[in-house]
Amino acid sequence: MTADEQTLTIDVDGVPVSAVYARPPAASATIAVAHGAGAGMEHPFMTGFTRALNDAGIATLRFNFPYREAGRRFPDRPPVAIATWRAVMDAAAARAADAGRADEPIWAAGKSFGGRMASMAVADGMPAAGLVLLGYPLHAPGKPEKPRDEHLPGISVPMLFLQGRTDPFANPNEQLDDVVHRIGSNATLEWIDDANHSFEVKGRKRPAAEIGAALAAPVAEFVRAHSAG
């Protein structure tokens, strides 16, 4: 049964943002989860993903970036997004401590923009047990000559990339293969055949919540294999 969800407000340099925390009994880790550029934390993909993680024994904290909270469409610039990530990770750690698990691994995960900002925050020094990147936006569609990868090889924590083979943000696929190779042995890339940027598979119609939930199993397995405590 899915863990009870608690609505929180997290302060980001004086700006409140909404979040939802859920902790199953005997949680082994916490994963903070950020949304993509075009949808907030209540998108069915997000709720499906986090609730399936809860069913797998992992606590979650999903949240909105300030721009989404304010109803704006254009994503926050990296300094604001990174400040948001830092505040969220602090909140996740505090919740784990309140549950008597001060040493619990706290992971950062995100869909597209949210994952990219998580990786930039970690590269900037934000503590995290590891990163989970769902549909990493390596470049704008049709612009592989302008990759967003300069910070990735310097990250040393465990990293899991889940990527659709037909995702226009990572096409040609070999480009992301090369990035992950350059990061090193701490990075793992799992391709999902025929999946696009939203992880929809052509010819297989599924609700967004089900699509998100289907990604929870490989994420939970990776987190358990790379977490201590």
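Below you will find a few notes about this structure.

What counts, and at which threshold
Residues numbered from 1 in each chain as written. Predicted model: local features only at pLDDT ≥ 70, side-chain atom pairs only at ≥ 80, totals over all residues. Heavy atoms only, no water. Helix = DSSP H or I, 4+ residues; strand = E, 2+ residues; numbered from the N terminus. Rg over C-alpha atoms; globule rule 2.2 N^0.38 Å. Buried < 20%, exposed > 50% of the residue type's maximum accessible area, 1.4 Å probe, protein only. Contact = heavy atoms within 4.5 Å. Areas by Shrake-Rupley, 256 points an atom, 1.4 Å probe, with all protein chains shown as cover. Lys, Arg positive; Asp, Glu negative; His and termini not counted. Charge placed at Lys NZ, Arg CZ, Asp CG, Glu CD. Pairing = 2+ DSSP bridges. Axes fitted to C-alpha atoms, helices over the stretch in contact; angles between N-to-C directions.

Scanning the chain from N- to C-terminus turns up seven helices and eight strands. The globule rule puts the C-alpha radius of gyration for 229 residues at 17 Å, and the 16 Å found for the chain is close to it. Put simply, the chain has 229 residues, and 54% of those count as buried. For the chain, long-range pairs separated by at least 24 residues make up 70% of all intrachain contacts whose partners lie at least 6 apart in sequence. For the chain, the computed accessible surface area is about 10,000 Å², with 51% contributed by carbon and sulfur atoms. One finds the centroid of the 22 positive side-chain charges in the chain at a distance of 5 Å from the centroid of its 26 negative side-chain charges.

We now examine the sheet that holds strand S4 (residues 59-63). Reading across the sheet, the eight strands line up as S1-S2-S4-S3-S5-S6-S7-S8 and stay open at both edges, with mixed pairing between neighbours. Two strands close off the open sheet at either side, each with one partner strand: strand S1 (5-12) and strand S8 (187-192). Neighbouring strand axes in the sheet, compared pairwise and without regard to direction, differ in orientation by 20 degrees on average. Its contacts with the sheet place helix H1 (residues 44-55) against S1, strand S2 (15-22), strand S3 (30-34), S4, strand S5 (106-111) and strand S6 (131-134), and it is angled at close to 165 degrees to S4. On the sheet, helix H3 (residues 78-98) packs against S1, S2, S3, S4 and S5 and is oriented at approximately 135 degrees with respect to S1.

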